[in-house]
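Residue-level listing of the chains:
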Amino acid sequence: MSVFGPVVKIHPVVLASISDSYERRNEGASRVIGTLLGTIDKHSIEVTNCFSVPHNESEDEVAVDMEFAKNMYELHKRVSPTEVIIGWYATGFDITEHSVLIHEYYSREASNPIHLTVDTALQSGKMNIRAYVSAQMGVPGKTVGVMFTPLTVKYIYYDTERIGVDLLQRTRLTPSRTKGLTSDLSQVAGSAARIQDMLATVLAYIEDVLSGKVTADNSVGRFLMDLVNKVPTISAEDFENMLNSNINDLLMVTYLSNLTQAQIALNEKLVLL
């Protein structure tokens, strides 16, 4: 938990990219580093992308391929011009002396960059993720050191990222740690079941409050009021017709997709004859 400073919001794709770069690291490398990209506002720093940067590290020195980092950032700007350099990451749990040197380079590329550490080796039994900002310390005019102050880290995601996260979560329940993609109808059924479970939880909470078993929470009440106000005013018959129309459209798209695949497969076999 941070004492001061912005909140660091990390997207799942960033953690996946860092884990992948760690798994693909060069033989003998103890950790990997890379550049963090994202956006900054007054109260938060949102990390939306990253890329690894080649480096060599020993007990006495560290060498980072700065030219590679600059070229990669230029390529990223062509695709996502709104993403800027906000800091850098390193796998591992500790901040080393070399981290200070690398942080000095990123201080020239970004104003007050953040340093993200990701414990990909699971030293504490889980992937600890921490974010820091640096601050100078010491006596003016004398030797000045650097102190890394922790920041609050939160995890956010887009709707498209949520699909991938849910799929990864389901792999924990399978012995092979693999899970195939489900069909569109299965996803609709699963989403409807989750909504039904959440509504049941909300109704149970409301009944407990009305019966006096649970003390009412004003913040929860405001969230429920916002939820009710967002529900469009529509009759049950109109809602059912709209739902059936959307389901029919989905079934038609699925049918046409399967028909196209069958036609392509048949055409390939006819060509081989």
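Residues numbered from 1 in each chain as written. Predicted model: local features only at pLDDT ≥ 70, side-chain atom pairs only at ≥ 80, totals over all residues. Heavy atoms only, no water.

Moving on to unusual backbone geometry. Even without being glycine, Asn112 reaches a positive phi, approximately 50°. Examined against the element boundaries, Asn112 turns out to sit in the loop between α3 (97–109) and β7 (114–118). On the basis of relative accessibility, which here comes to 48%, the residue Asn112 falls in the partly exposed class. (Helix = DSSP H or I, 4+ residues; strand = E, 2+ residues; numbered from the N terminus. Buried < 20%, exposed > 50% of the residue type's maximum accessible area, 1.4 Å probe, protein only.)

Core analysis: the biggest nonpolar cluster contains 21 residues, and Ile10, Leu36, Val47, Ile114 and Leu116 have the highest contact counts within it. For this core, the leading source of residues is helix α1 (residues 12–23), giving four residues. The contacts of Ile10, once residues within four sequence positions are left out, are Leu15, Val47, Leu116, Ile129, Val153, Lys154, Tyr155 and Ile156. One finds Phe51, Val64, Tyr106 and Ala110 within the second-largest nonpolar core, a separate group that totals 14 residues. (Core = buried A, V, L, I, M, F, W, Y, C linked by side-chain atoms within 4.5 Å. Contact = heavy atoms within 4.5 Å.)

The geometry of two aromatic rings is summed up by the distance between their centres and the angle between their planes. A full pass over the atoms with the stated rule returns three aromatic pairs. The interplanar angle of 10° and the centroid separation of 6.1 Å between the aromatic rings of Trp88 and Tyr106 together place this pair among those described as stacked. In this pair, Trp88 sits in strand β6 (residues 84–91) while Tyr106 sits in helix α3, placing the two residues 18 residues apart along the sequence. Note on accessibility: Trp88 and Tyr106 belong to one class, buried. When the ring of Tyr132 is compared with that of Phe148, the centres are 6.5 Å apart and the planes differ by 85°; the resulting orientation is edge-to-face. Taken together, the positions of Tyr132 in strand β8 (residues 129–138) and Phe148 in strand β9 (residues 144–151) put the pair 16 residues apart, joining distant regions of the chain. Note on Tyr132: relative accessible area 9%, which makes it buried. Put simply, the rings of Trp88, Tyr105 and Tyr106 pair up and form one aromatic cluster. Over the ring of Tyr22 we find Arg25, and its NZ or CZ is 4.0 Å from the ring centre. (Phe/Tyr/Trp six-rings, centres within 6.5 Å; stacked < 30°, edge-to-face > 60°. Lys NZ or Arg CZ within 6 Å of the ring centre and 35° of its normal.)

Moving on: the environment of Leu151. Among the secondary structure elements, Leu151 is positioned in strand β9. A sequence separation of 145 residues divides Leu151 from Pro6, and the C-alpha atoms of the two residues are 7.0 Å apart.

Counting buried positions along β6 gives seven out of eight residues, so the element sits mostly inside the fold. Pairing analysis gives five bridges linking β6 to β7, with the strands arranged parallel. Bridged to Ala90 within β7 is Thr117. Taking the sense of rotation as the criterion, the β-α-β connection linking β6, α3 and β7 turns out right-handed. (Pairing = 2+ DSSP bridges. Right-handed = clockwise from strand over helix to strand, strands pointing away.)

Scanning the model with the defined rule gives two salt bridges in all. Residues Arg24 and Asp20 are paired through a salt bridge, measuring 2.9 Å at the closest nitrogen-oxygen approach. Overall, Arg24 belongs to the exposed group, its relative accessible area being 65%. (Salt bridge = Lys/Arg side-chain N within 4 Å of Asp/Glu carboxyl O.)

The packing of two helices is summarised by the inter-axis angle and the distance between the axes. Following both chains from N to C, one finds helix α5 (residues 184–211) and helix α7 (residues 236–272) inclined at 150°, their axes separated by 10 Å at the closest point. Between α5 and α7, the angle falls in the class roughly antiparallel. Between α5 and α7, the contacting residues are Asp184, Leu185 and Val188 on the first element and Leu250, Leu251 and Thr254 on the second. The class makeup of the residues in the contact of α5 with α7 is four nonpolar, one polar and one charged. (Axes fitted to C-alpha atoms, helices over the stretch in contact; angles between N-to-C directions. Parallel < 35°, antiparallel > 145°, perpendicular 65-115°, else oblique. Nonpolar A, V, L, I, M, F, W, Y, C, P; charged D, E, K, R; others polar.)

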